[in-house]
Amino acid sequence: TSATAETDVLIVGSGPAGGAAALSLSTLGVRNIMITKYRWTANTPRAHITNQRAMEIFRDLGIEDQVLADATPHPLVGDTVFCTSIAGEEIGRIRTWGTHPAREADYQLASPCLICDIPQTYLEPILVKNATARGTQSRFSTEYVSHTQDEGGVTTTVLDRLTGTSYQIRSKYLIGADGARSQVAEDIGLPYEGQMDIAGSMNITFKADISAHVAPRPSVLYWVIQPGSNVGGIGAGLVRMVRPWNEWLIVWGYDISQPAPVVDEEKATQIVRNLLGMPDLEVEITGTSLWGNNEMYATHLQKQRVFAAGDAVHRHPPSNGLGSNTSIQDSYNLGWKLAAVLKGQAGQELLETYSRERAPVAKQIVTRANKSSREFVQFFEVLGLMDAETEEEMRAQIEERKANTPRGKEKRHALVEAMELKDYEFNAHGVDLGQFYESTAIQNSDGATRPAPARDPELYYQASTVPGSHLPHAWVGDAIHKVSTLDLAPYDTFTLITGIAGEAWQAAAAKVGADLGVPLKTVIIGPGREVTDIYYDWARLREVDEDGVLLVRPDKFIGWRAMTLPADPEAALRSALENLLSRP
Ligand code: FDA
């Protein structure tokens, strides 16, 4: 008889989505098995940009220090360069990822964490190591083959690729975190909008110390606009930092309607030397790979006991650096909900809110990333490259920006605007942080609406405590300790945040939490209490009165709020929490 393993949640994939799912579940003490097709985690650096929401999750799950130890720090990520080669002429720079002095404040005010840059080859082992140390059963070289589900659970057939033998895993739930070609998502027939493989890209990874040319303008991205390159359509290549300043990744587009280019070591070396503008440089080519650019998202993320997360449900180009970040947030959203249902704290219907909350995010980021990618055209147009037919013409067009002629003047003027448009790719703080949820796990009992955005909502994040918003960050504490309001509401509990005049919430929460068997703690912010509003920032951000309350979900989203202390706080809280958790 073939053996069957048994667990609560089976996760397929050990990428950012699968790794984060395993870590989230193990942190909450939920039994889980994570299988992954290959013998180890990602073998090429892909995602790097790690945004503030992802860093907040790592902080909450206790791995922020490990990520920072392996990451290129915030001050080195910012001077995105446009040039004709790394050693050649510079066309301009954009301060990116919140490093512009005028933008840095927005980022600092919004979160206890700043954007940093960690290659996927470094991040995944951190997720997998910590998940496994906390309880995840990790199975490498193990492939998902198929599954069936019934009333009580899911039976998945997996293949041990080392021995060629199949076995079954019985679980209560299954998460398909198996990437852009997700078999799990296909097997449950998720509905999709959009298209796969709209453009082709080639990655070349290499080692070469080019500090002299990049350290004075430290960045993670160097865009090379180079006529004369014999591979790729438009003649633009991306030189992407992997480790400062001696490991790099080149990304190059190719026409996907044509056969994929064959790039051997000699050709790869030539491409590297051309883009760097260093014809004699000693280069160690470490790998080449091809990948497709997609514009596709799922409009529903679940079928009964089976869920899909990450690139399985949102597929898009790397522009804006949203892929891995969003994948991690998907799993963080799903993790606490699965835990609450498995522990009998919530009804099954809570799980439907995963799709309600995350499918709109999938659509938003796929749209944004593709728009950013297309907006590069404006930059090429302004430089006059769209109509240039020969290398000579391209060169002359780029050169024209230096001329003391009416055309030269016009070109310089147009470049200012074209550069500014790229803020929607490189400084889209509102896209990174502004998710707002509407579902039954958000109880907006007084029907509050979100304040109208004061500034462009894609570029600027605006904090609010209207239910469905993310808990705003403020530094609170005492003379010795400084913590973020986000630190007050850890992943393993619901948290009520109130002021001294709202003290009565504490007894109400203790009673409701005990009656419902749901972890629920109360934090009173005020002088002489657990934490003090040291900068008086919290008073300005909370929107509710001092005796009002915010009910913060484990994932830091505000699930309910009361503007003031009602006559019967216990009844109000009980009803909100019962509804939020879909309790029968
Ligand atoms: P991912 O594809 O990473 O993982 C899928 C997992 O499933 C793998 O572990 C695989 O082995 C496993 N698997 C697949 N099929 C299986 C099967 N049948 N059985 C078992 N296991 C199976 N994002 C970002 O946030 N910031 C950035 O800067 C960038 N930059 C970037 C650059 C480049 C060049 C690329 C190509 C992509 C990016 N991204 C990015 C996107 C990012 O890489 C991507 O969004 C995430 O890897 C998605 O994570 P997932 O875990 O969903 O899938």
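Residues numbered from 1 in each chain as written. Predicted model: local features only at pLDDT ≥ 70, side-chain atom pairs only at ≥ 80, totals over all residues.

- As recorded by an unreviewed UniProt entry, the protein carries the name Phenol 2-monooxygenase and is attributed to Trebonia kvetii.

**Some details on the site of the ligand**
Then, number 1: With respect to spatial proximity, 35 residues lie near the ligand, and among them Gly13, Gly15, Gly179, Gly310 and Gly323 are the closest.
Then, number 2: Within the residue set of the shell around the ligand, elements represented by two or more residues are α1 (16-27), β8 (142-150) and α9 (323-342).
Then, number 3: Its residues assigned to classes, the shell around the ligand shows 14 nonpolar, 16 polar and five charged. (Near = placed C-beta within 6 Å. Helix = DSSP H or I, 4+ residues; strand = E, 2+ residues; numbered from the N terminus. Nonpolar A, V, L, I, M, F, W, Y, C, P; charged D, E, K, R; others polar.)

**A word on the domain arrangement of the protein**
Then, number 1: Domain annotation of the protein identifies domain 1 (4-73 + 116-190 + 299-350) and domain 2 (436-580).
Then, number 2: Centre-to-centre separation of domain 1 and domain 2, based on C-alpha positions: 29 Å.
Then, number 3: Contacts between the two partners involve eleven residues from domain 1 and, on the opposite side, eleven residues from domain 2.
Then, number 4: Counting residues per element, the ones that place at least two in the side of domain 1 that touches domain 2 are α2 (52-60) and α9.
Then, number 5: Among the elements that take part in the side of domain 1 that touches domain 2, α9 stands out by supplying three residues, more than any other.
Then, number 6: Split by residue class, the side of domain 1 that touches domain 2 holds five nonpolar, three polar and three charged. (Domains from an automatic or database assignment. Contact = placed C-beta atoms within 7 Å.)

**Digging into the packing of helix α15 (residues 504-516) against helix α17 (residues 569-580)**
Then, number 1: The interhelical angle for the contact between α15 and α17, taken along N-to-C directions, is 45°, at an axis separation of 9 Å. Considered as vectors, α15 and α17 are oriented oblique to each other. Between α15 and α17 lies a crossing of right-handed hand. Counted together, Ala504, Trp505, Ala508, Ala509, Lys511, Val512 and Leu516 of α15 and Pro569, Glu570, Leu573, Arg574 and Leu577 of α17 form the full contact between these two elements.
Then, number 2: Looking at the contact of α15 with α17 residue by residue, the classes come out as nine nonpolar, no polar and three charged. (Axes fitted to C-alpha atoms, helices over the stretch in contact; angles between N-to-C directions. Parallel < 35°, antiparallel > 145°, perpendicular 65-115°, else oblique. Left-handed = near helix turned anticlockwise from the far one by under 90°.)

**Some thoughts on the environment of Ala452**
Then, number 1: Tracing the backbone shows Ala452 in the loop between α14 (429-433) and β19 (475-477).
Then, number 2: Spatially, the C-alpha atoms of Ala452 and Gly408 are 41 Å apart, while their sequence positions differ by 44 residues.

**Things to note about the environment of Ala131**
Then, number 1: Following the sequence through the fold, Ala131 ends up in helix α5 (residues 120-133).
Then, number 2: Taking the number of C-beta atoms within 10 Å as the measure of exposure, Ala131 has 28 and is therefore buried.
Then, number 3: Expressed as a C-alpha distance, the spacing of Ala131 and Leu471, which sit 340 residues apart in the sequence, is 26 Å.
Then, number 4: Once you skip the residues sitting within four places of it in the chain, Ala131 turns out to touch Gly19, Ala22, Leu23, Ser26, Met34 and Thr136. (Buried ≥ 20, exposed ≤ 12 C-beta atoms within 10 Å, placed from the backbone.)

**Remarks on α17**
Then, number 1: End to end, α17 covers 16 Å across twelve residues, agreeing with the expected 16 Å (1.5 Å per residue, within 8%).
Then, number 2: Every buried residue of α17 is listed here: Pro569, Leu573, Ala576, Leu577 and Leu580. An end-on view of α17 places all buried positions within 90° of arc, on one side of the element.
Then, number 3: In this fold, the buried residues of α17 make contact with α15, β23 (549-552) and β24 (558-562).
Then, number 4: A positive phi of about 50° marks Ser582, the residue just after α17. (Expected span 1.5 Å × (residues − 1). Arc of directions from axis to C-beta.)

**Focus: the environment of Thr522**
Then, number 1: Looking at the element boundaries, Thr522 is found in strand β22 (residues 520-525).
Then, number 2: For Thr522, a count of 20 C-beta atoms within 10 Å puts it in the buried group.
Then, number 3: Sequence separation between Thr522 and Leu550 is 28 residues; the distance between their C-alpha atoms is 9.8 Å.
Then, number 4: Excluding residues that lie within four positions of it along the chain, Thr522 makes contacts with Leu496, Thr498, Trp505, Gln506 and Ala509.

**A word on α15**
Then, number 1: The terminal C-alpha atoms of α15 lie 19 Å apart, and with 13 residues this matches the ideal 18 Å at 1.5 Å per residue to within 8%.
Then, number 2: For α15, the full list of buried residues reads Trp505, Ala508, Ala509, Val512 and Gly513. In an axial view of α15, the angular spread of the buried residues amounts to 125°, which keeps them on one side of the axis. In α15, the exposed positions angled more than 90 degrees off the buried face are occupied by Ala507, Ala514 and Asp515.
Then, number 3: Residues of α15 that are buried make contact with β21 (494-499), β22, β23 and α17.
Then, number 4: Note on α15: the residue one or two positions beyond its end, Gly517, has a positive phi of about 65°.

**Side note on the packing of α1 against α9**
Then, number 1: α9 packs onto α1 with a crossing angle of 30° between their chain directions and a minimal axis gap of 8 Å. Between α1 and α9, the angle is such that the two are roughly parallel. As for the relative orientation of α1 and α9, their crossing is right-handed in sense. Counted together, Pro16, Ala17, Ala20, Ala21, Ser24 and Leu25 of α1 and Ser324, Ser327, Ile328, Asp330, Ser331, Tyr332, Leu334, Gly335, Leu338 and Ala339 of α9 form the full contact between these two elements.

**Section: the sheet that holds β23**
Then, number 1: Ordered in space as β22-β21-β23-β24, the four strands form an open sheet in which the pairing is mixed. The outermost strands of the open sheet, each flanked by one partner alone, are β22 and β24. When the angles between neighbouring strand axes are averaged without regard to direction, this sheet yields 20°.
Then, number 2: Strands in contact with α15 are β21, β22 and β23; relative to β22, the strand with the most contacts, it is inclined by about 170°. (Pairing = 2+ DSSP bridges.)

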